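If you want the building blocks of each chain, they are given just below.
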Amino acid sequence: MAPERENPREHGTPAGATAATRPRARLDLPRPPRRRLLPDWDPDAFGRLSERIARFLGTGRFLVWMTVVVFVWVLWNVAAPEAVRFDEYPFIFLTLMLSLQASYAAPLILLAQNRQDDRDRVNLEQDRKQNERSIADTEYLTREIAALRIGLGEVATRDWIRSELQDLARELDGRADGDAPRAFPAERPGARDTEDR
């Protein structure tokens, strides 16, 4: 015989070990956002910033400022007194700064190019759909024009009506002058039968 289980409700305790300690989550409400360890950023805003930086890096103004900074850096570290020089002749710190700038510039330029490629892809897709609609409209109009030409072929034109009226006028003038066409004699109903016999 199996041992009987105790019913926890008989003792006044709620069912389940955690039922009293944890409130039930509502399923009709979204969960509250969890805290993240990494900072949250807007990818679109970051992309716009990278495009601005990439545009600036591709200008002559950036090249002029970069040249001025490098020239002043080298001049300062060569001509200034030794006590205030911060980067001696092999200019290792300058090399480090330039490589750091290049290591940030390359991904920013690639990100800007990727965004431009995405925009170009969307524009090409829209252009393709617009071309398809234009081709469909052109084919429809071509069919309509062909149907109109076929329909106009069956319509009496002004020149045709004029020529028919001129023919009728000549015929009426001819009748008035005495050239009336010969009228066929009325046939009797039994005349042909007698001739055949």
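What comes next is a walk through the structure.

The rules we used
Residues numbered from 1 in each chain as written. Predicted model: local features only at pLDDT ≥ 70, side-chain atom pairs only at ≥ 80, totals over all residues. Heavy atoms only, no water. Helix = DSSP H or I, 4+ residues; strand = E, 2+ residues; numbered from the N terminus. Contact = heavy atoms within 4.5 Å. Areas by Shrake-Rupley, 256 points an atom, 1.4 Å probe, with all protein chains shown as cover. Expected span 1.5 Å × (residues − 1). Buried < 20%, exposed > 50% of the residue type's maximum accessible area, 1.4 Å probe, protein only. Arc of directions from axis to C-beta. Axes fitted to C-alpha atoms, helices over the stretch in contact; angles between N-to-C directions. Parallel < 35°, antiparallel > 145°, perpendicular 65-115°, else oblique. Left-handed = near helix turned anticlockwise from the far one by under 90°. Nonpolar A, V, L, I, M, F, W, Y, C, P; charged D, E, K, R; others polar.

### Points about the overall build of the protein
Part 1: For the protein, the count of helices and strands is 5 helices and 0 strands.
Part 2: When the helices and strands of the protein are placed in sequence order, the string is α-α-α-α-α.
Part 3: Long-range contacts, defined here as pairs at least 24 residues apart, represent 50% of the contacts in the protein between residues at least 6 apart.
Part 4: Working note: accessible area of the protein is about 18,800 Å², and carbon and sulfur atoms make up 60% of it.

### What to know about helix 2 (residues 60-79)
Given 3.6 residues per helical turn, the α-helix brings residues three or four places apart onto the same face.
Part 1: Given a rise of 1.5 Å per residue, 20 residues ought to cover 28 Å, and the 28 Å separating the end C-alpha atoms of helix 2 matches this to within 8%.
Part 2: Every buried residue of helix 2 is accounted for by Phe62, Trp73 and Asn77. For helix 2, the angular spread of buried residues about the axis comes to 15°, placing them on one side. Across from the buried face of helix 2, at angles greater than 90 degrees, the exposed residues are Arg61, Leu63, Val64, Thr67, Phe71 and Ala79.
Part 3: Buried residues along helix 2 sit against helix 1 (43-57) and helix 3 (92-153).

### Section: the side chain of Ser50
Part 1: Position of Ser50 relative to the elements: it lies in helix 1.
Part 2: Ser50 gets classed as buried once you look at its relative accessible area, which sits at 0%.
Part 3: In contact with Ser50, other than residues within four places in its own chain, are Leu108, Leu111 and Ala112.

### Let's talk about the packing of helix 2 against helix 3
Part 1: Remark: helix 2 packs on helix 3, axes separated minimally by 11 Å, with the N-to-C direction vectors making an angle of 160°. As far as their axial angle goes, helix 3 and helix 2 are roughly antiparallel. Like other packed secondary-structure pairs, helix 2 and helix 3 cross with a definite hand, here right-handed. Facing Phe62, Met66, Val70, Trp73 and Val74 of helix 2, the residues of helix 3 in contact are Phe93, Leu94, Met97, Leu98 and Gln101.
Part 2: Of the residues in the contact of helix 2 with helix 3, the class split is 9 nonpolar, 1 polar and no charged.

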